[in-house]
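# Per-entry structural report
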Amino acid sequence: MLISEFDYDQLPRYHIDSILFNNLVDDGANGDIIFVFGSKKSLKYRCPRAIELYKEKRASKILFSGGVQWDGQHDVEAMVMSEEAKKHGVSEMDILVEPLSKHTRDNVLFSSKILESSIGLANIRRILIVTTAYHMRRSFMTMMTYLPASIAYTFCPVNDQSTTRDNWFLSEKGTVRVREECRKIITYTRNGQLRDFDIELN
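The sections below set out a description of the structure shown in this document. This is a predicted model, so every value here is computed, not measured. (Residues numbered from 1 in each chain as written. Predicted model: local features only at pLDDT ≥ 70, side-chain atom pairs only at ≥ 80, totals over all residues. Heavy atoms only, no water.)

Here we come to the packing of aromatic side chains. Centre-to-centre distance and the angle between the planes together describe a pair of aromatic rings. Inspection of the entire model under this criterion finds five aromatic pairs. Here the aromatic rings of Phe35 and Phe37 are separated by 4.8 Å at their centres, their planes lie at 40 degrees, and the arrangement is tilted. Exposure remark for Phe37: the relative accessible area of 0% places this residue in the buried category. An angle of 75 degrees between the planes, with centres 5.7 Å apart, marks the rings of Phe140 and Tyr153 as edge-to-face. (Phe/Tyr/Trp six-rings, centres within 6.5 Å; stacked < 30°, edge-to-face > 60°. Buried < 20%, exposed > 50% of the residue type's maximum accessible area, 1.4 Å probe, protein only.)

Here the focus is the nonpolar core. By size, the foremost hydrophobic cluster in this structure holds 19 residues, and its most contacted members are Leu115, Ile127, Ile129, Met143, Leu147, Tyr153 and Phe155. Contributions of two or more residues to this core are made by β1 (33–37), α4 (104–118), β4 (126–130), α5 (136–146) and β5 (152–155). With 18 residues, the next largest nonpolar core counts Ile62, Val90, Ile95 and Leu128 among its residues. (Core = buried A, V, L, I, M, F, W, Y, C linked by side-chain atoms within 4.5 Å. Helix = DSSP H or I, 4+ residues; strand = E, 2+ residues; numbered from the N terminus.)

Burial analysis of α5 places eight of its 11 residues in the buried class, which makes it a mostly covered element. Of the positions making up α5, those classed as buried are Met136, Arg137, Arg138, Ser139, Phe140, Met141, Thr142 and Met143. For α5, the secondary structure elements touched by its buried residues are α1 (13–21), β1, α4, β4, β5 and α6 (172–190). (Contact = heavy atoms within 4.5 Å.)

This next bit is on a nonpolar patch on the surface. Together, Met1, Tyr14 and Leu201 make up an exposed nonpolar region whose accessible area comes to about 240 Å². When you line up the elements, Tyr14 lands in helix α1. What makes Tyr14 partly exposed here is its relative accessible area of 42%. (Patch = residues over 30% accessible without salt bridge, like charges linked within 9 Å, V, L, I, M, F, W, Y side chains within 5 Å. Areas by Shrake-Rupley, 256 points an atom, 1.4 Å probe, with all protein chains shown as cover. Salt bridge = Lys/Arg side-chain N within 4 Å of Asp/Glu carboxyl O.)

Time to look at the pattern of salt bridges. The tally for this structure, following the rule as stated, stands at 11 salt bridges. Where Arg58 meets Asp26, a salt bridge forms, and the shortest distance between an N and an O atom there is 2.8 Å. Linking Arg58 in the loop between α2 (46–55) and β2 (62–65) with Asp26 in the loop between α1 and β1, this pair joins segments that are 32 residues apart in sequence. Among the salt bridges present, the one from Asp27 reaches Arg126, with a minimum N-O distance of 3.6 Å. Residue Asp27 is located in the loop between α1 and β1, and its partner Arg126 is located in strand β4; the two are separated by 99 residues in the primary sequence. For Asp27, a relative accessible area of 48% corresponds to the partly exposed category. Several salt bridges share partner residues, and in doing so they unite Asp26, Arg49, Glu52 and Arg58 into one network.

To continue, consider the environment of Pro99. Residue placement: Pro99 occurs in the loop between β3 (95–98) and α4. In sequence terms Pro99 and Val80 are 19 residues apart; their C-alpha atoms lie 9.9 Å from each other. Excluding anything up to four places from it in sequence, Pro99 contacts Gly66, Gly67, Val76, Ala78 and Met79.

What follows deals with the side chain of Ser39. When you line up the elements, Ser39 lands in the loop between β1 and α2. Of the residues examined, Ser39 reaches a relative accessible area of 15% and is grouped as buried. Setting aside its immediate chain neighbours within four residues, Ser39 contacts Arg46, Trp70 and Glu77.

This part covers the pairing of β1. Of all the five residues making up β1, five are buried; the element is thus mostly covered by neighbouring parts of the structure. Across four bridges, the pairing between β1 and β4 is parallel. Considered in β4, the bridge of Phe35 is made with Ile129. Relative to β2, β1 runs parallel, the two sharing four bridges. Note on β2: the bridge partner recorded for Val36 is Phe64. Where the polypeptide runs from β1 across α2 and back to β2, its parallel neighbour, the crossover connection is right-handed. (Pairing = 2+ DSSP bridges. Right-handed = clockwise from strand over helix to strand, strands pointing away.)

As structure tokens, then:
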């Protein structure tokens, strides 16, 4: 079922589950770069996974993307994640930083310029995407829309405490968050910001 065909106001639980989580698991493939989307708690959830992938030699470079400075942080997301990675042994030469984006689409658009100038988009065969599980579909669709079709993707989702595939429906916070995420995906697809995508239903 195409994303554009879903009715946001009439989304049963299994539709939400299918849209946000179906077939978005790590296939174990290696890539050319680890792409990390920033967030308020990226240091807690996303950055550690990126460091782990790097140390496992799944990719030789990490790109940290995010230009929001959250309360309690001395710099924007990309910069604080970069600093944390260096503290844990990631070589500065293997880190790329995109420190201006405020939204998922800008994460990808701004980072594409950095990837082009540093590596060359034509030289990238596979990107490992690191973000929270419920945000993975929109991240992937955004990359599919704005990056070259020749690039393949491996999903490396991380779980937060309240919005996993197994528990989002158990709390108001998780339910509100996944429904808002589905609304964004459906709306952005219908207005042409994201390329339509066929979802396998549970």
